[in-house]
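What the coordinates show
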Amino acid sequence: MSGQPKRRYLIDIRTQVPFLFKIGSVWAGGIVLLCGLLYYLADEQLGRSFYSIHQRLRNTWQILLPAVLVSGGLSFLVTIGTTVFLALRESHRLGGPIFKFNKLFKELESGVLHTDFRFRTGDLLFDMGENYRAALLANRERIRALRCATENAENSVKELELILLGHNLPAEEIELVKDALQKVALLNEEISRFDLGNES
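Residues numbered from 1 in each chain as written. Predicted model: local features only at pLDDT ≥ 70, side-chain atom pairs only at ≥ 80, totals over all residues. Heavy atoms only, no water.

In this section: the pattern of salt bridges. With the rule as written, the count across this model stands at seven salt bridges. Among the salt bridges present, the one from E130 reaches R133, with a minimum N-O distance of 3.3 Å. Pair noted here: E130 and R133 are both in helix α3 (residues 126-165), with a separation of three residues, about one helical turn. Between K183 and D179 there is a salt bridge, with its nearest N and O atoms 3.2 Å apart. (Salt bridge = Lys/Arg side-chain N within 4 Å of Asp/Glu carboxyl O. Helix = DSSP H or I, 4+ residues; strand = E, 2+ residues; numbered from the N terminus.)

On to the nonpolar core, then. Formed by F101, L104, L113, F117, F119, L125, Y132, L136, I143, I191 and L196, the largest nonpolar core amounts to eleven residues. For this core, the secondary structure elements donating two or more residues are α2 (60-109) and α3. Examining the composition of this core, we find that three residues originate from one element, α3, more than from any other. Apart from residues no more than four positions distant in its own chain, F101 is found in contact with F119, L125, M128, G129 and Y132. (Core = buried A, V, L, I, M, F, W, Y, C linked by side-chain atoms within 4.5 Å. Buried < 20%, exposed > 50% of the residue type's maximum accessible area, 1.4 Å probe, protein only. Contact = heavy atoms within 4.5 Å.)

If you want it as structure tokens, here you go:
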């Protein structure tokens, strides 16, 4: 009995680890900010409470509550704001190439084999875009060679038809030659549907 395939969350380490490191750095910075603010504000509150002769002594919770609220709120806002900004920036670096790939696959479906698309340097799928470009180039050259071969085959069958029409061949043999010419012409027409872009 085949079991469930094991899920792997780290697929492309070169792409995922820097993103996780950035998020971890933001959170670590938020914790450091929280500790620093809490230390500073608590020290201020304690100093005012214990060393002011005009202020009555309060309990520890009353002293520390404003420091905790202010430092926690500030560090929370800064951390969440930076995380949202980083998530938007990273998702834009991923969303742009995904949108581009959707467009490229629709073009490929219609037979377009152009390679004049561009990805921004720094996009998360830049390497995949270059691999896609290399695949298009390789298949474009194969189809170009196939197109040339079918055109040559069609010309050869036309010449053969002209030669055979000069001889008194049975009608069924003439029909076979015409059928072959029709099939080669149809094949050439189908291959010509591919848009190879510049023929250079």
